[in-house]
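Take a look at the letters that make up each chain.
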Amino acid sequence: MANSLVQQRPFKKSSHHKIKNNFRKVKLIYPKINFSVKTFWIIILTVIFSYWIFFVIKNTFFKKENYIQNLSYSRESVEKFDDPTLYSAISKSLKWENYYIVWKLKRKTFVNKIKSEFPMVKNMKIVKSAPYSAAVWIDFYEPDIVIKLWDRLFAVMWDYNFEIFSGNKIWEDIFYAELPQYTSGIDSLYWLFHEISQNQFIHDMHFFAESFPDYDRIVYLPWSSMTVVILKSWLRIYINNQNSLEWQIENYNLIKQYYKDFYSLKTIDLWSLQWDKIIVNKN
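Here's a quick rundown of the structure. Everything quoted here is computed from the prediction, not taken from an experiment.

1. Re unusual backbone geometry
Alright, step 1. Positive phi, normally seen in glycine, also occurs at Trp96, with a value near 70°.
Alright, step 2. Positionally, Trp96 belongs in the loop between helix 3 (84-94) and helix 4 (99-105).
Alright, step 3. Assessed through its relative accessible area of 59%, Trp96 is described here as exposed.
Alright, step 4. The phi torsion at Asp173 lies on the positive side, around 70°, for a residue other than glycine.
Alright, step 5. Mapping Asp173 onto the fold places it in the loop between strand 6 (160-164) and strand 7 (176-179).
Alright, step 6. Judged by its relative accessible area of 84%, Asp173 is exposed.

This is the structure:
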């Protein structure tokens, strides 16, 4: 066998085709903006002015010293009506608030909130008295009538009543009636107006005051529907609130005019029997 030689072929490196990325050229077209010099300066000045306004507000209205930390109340307000719960509620609502925000922008909301909780408040005024401080003035409604219960006073207005504290002047020059000592220990007068309506009570008490201008005391007796009018500390007149007041007053005037021993009487009961029968007592 003839020897044959195998001849190695020369190695040829395979060639790779280069991948060409063809990108589409996009031409961005921006709108052409033409500013006049005047417009340019208007924009610049507007930005500067806006920043200036922000700076002024921040350093005036929103200065730390405009946030209320200390509150004082006018002496007139406290002397008129000194209720700790009222002043505590006002302080709680105002403290740490910005004076200009709460009083200039939220004044109506704030005042209405206080008036809803304390209907005797008629109006309020708040002024910035010093850094971190404000002073409060309060104006109050006058009660329709004041009821005296031993050593306590209660003001009545609309469908609302509240206690008047010692030394307060809200009840000065206001007509008042009394309740007897056996009703002491109560905390409000709402129970009273289950027996007689508040409007009727006010009407009756004023009617007695007009009918007996020289009265010393007018005392309503709960659970009996009777009122005692005390004249000159010596005569007690008993009136039934459930019957005609006009007739009873007319009977009293007849006794005063025609009863010869009138000034020796100690008690007059105008309606324990019938409208035309009256009980008198000299003891």
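Now that the structure is up, let's keep going.
2. Focus on the side chain of Asn168
Alright, step 1. With respect to the helices and strands, the residue Asn168 is situated in the loop between strand 6 and strand 7.
Alright, step 2. Here Asn168 falls in the buried class, since its relative accessible area comes to 6%.

3. Considering the sheet that holds strand 1 (residues 70-73)
Alright, step 1. Taken in spatial order, the three strands of this open sheet run 1-3-2, and their pairing is mixed. Where the open sheet ends on each side, the last strands, each with one partner, are strand 1 and strand 2 (121-130). Between one strand axis and the next, the sheet turns by 25° as a mean value, whatever way the strands run.
Alright, step 2. When strand 2 meets strand 3 (residues 133-140), the two strands line up antiparallel, connected through eight bridges. Its bridge partner being in strand 3, Ile126 is matched across the sheet by Val136.

4. A few points about the packing of helix 6 (residues 198-211) against helix 7 (residues 245-258)
Alright, step 1. Close contact between helix 6 and helix 7 brings their axes to 12 Å; oriented N to C, the two are set at 20°. By the angle between their directions, the pair helix 6 and helix 7 is classed as roughly parallel. Helix 7 is crossed by helix 6, and the crossing has right-handed handedness. Across the interface between the two elements, Asp204, Phe207, Phe208 and Ser211 from helix 6 touch Leu245, Glu246 and Ile249 from helix 7.
Alright, step 2. Among the residues making up the contact of helix 6 with helix 7, the classes are represented as four nonpolar, one polar and two charged.

5. What to know about the nonpolar core
In summary, soluble globular proteins display a tendency toward joint burial of nonpolar side chains.
Alright, step 1. Phe201, Met205, Ile237 and Ile239 are the most contacted members of the largest nonpolar core, which has 35 residues in total.
Alright, step 2. Broken down by element, this core gets its largest block of residues, six residues, from helix 6.
Alright, step 3. Listed in part, the 32 residues of the second largest apolar core include Leu71, Ile90, Ile126 and Ile174.

6. What to know about helix 7
Alright, step 1. With 14 residues, helix 7 ought to run about 20 Å at 1.5 Å a step, and its terminal C-alpha atoms sit 20 Å apart, in line with that.
Alright, step 2. Listed in full, the buried residues belonging to helix 7 are Leu245, Gln248, Ile249, Asn251, Tyr252 and Ile255. The buried residues of helix 7 occupy an angular sector of 155° when the element is viewed end-on, so they sit on one face. Counted as exposed and oriented over 90 degrees from the buried face of helix 7: Gln257 and Tyr258.
Alright, step 3. Those residues of helix 7 that are buried lie in contact with helix 6, strand 9 (226-231), strand 10 (235-240), strand 11 (267-269) and strand 12 (279-281).
Alright, step 4. Its side-chain oxygen at 3.3 Å from the backbone nitrogen of Trp247, Ser244 defines the N-terminal cap of helix 7.

Conventions adopted
Residues numbered from 1 in each chain as written. Predicted model: local features only at pLDDT ≥ 70, side-chain atom pairs only at ≥ 80, totals over all residues. Heavy atoms only, no water. Helix = DSSP H or I, 4+ residues; strand = E, 2+ residues; numbered from the N terminus. Buried < 20%, exposed > 50% of the residue type's maximum accessible area, 1.4 Å probe, protein only. Pairing = 2+ DSSP bridges. Axes fitted to C-alpha atoms, helices over the stretch in contact; angles between N-to-C directions. Parallel < 35°, antiparallel > 145°, perpendicular 65-115°, else oblique. Left-handed = near helix turned anticlockwise from the far one by under 90°. Contact = heavy atoms within 4.5 Å. Nonpolar A, V, L, I, M, F, W, Y, C, P; charged D, E, K, R; others polar. Core = buried A, V, L, I, M, F, W, Y, C linked by side-chain atoms within 4.5 Å. Expected span 1.5 Å × (residues − 1). Arc of directions from axis to C-beta. Polar contact = N/O pair within 3.5 Å; in protein donor to acceptor, adjacent residues only side chain to side chain.

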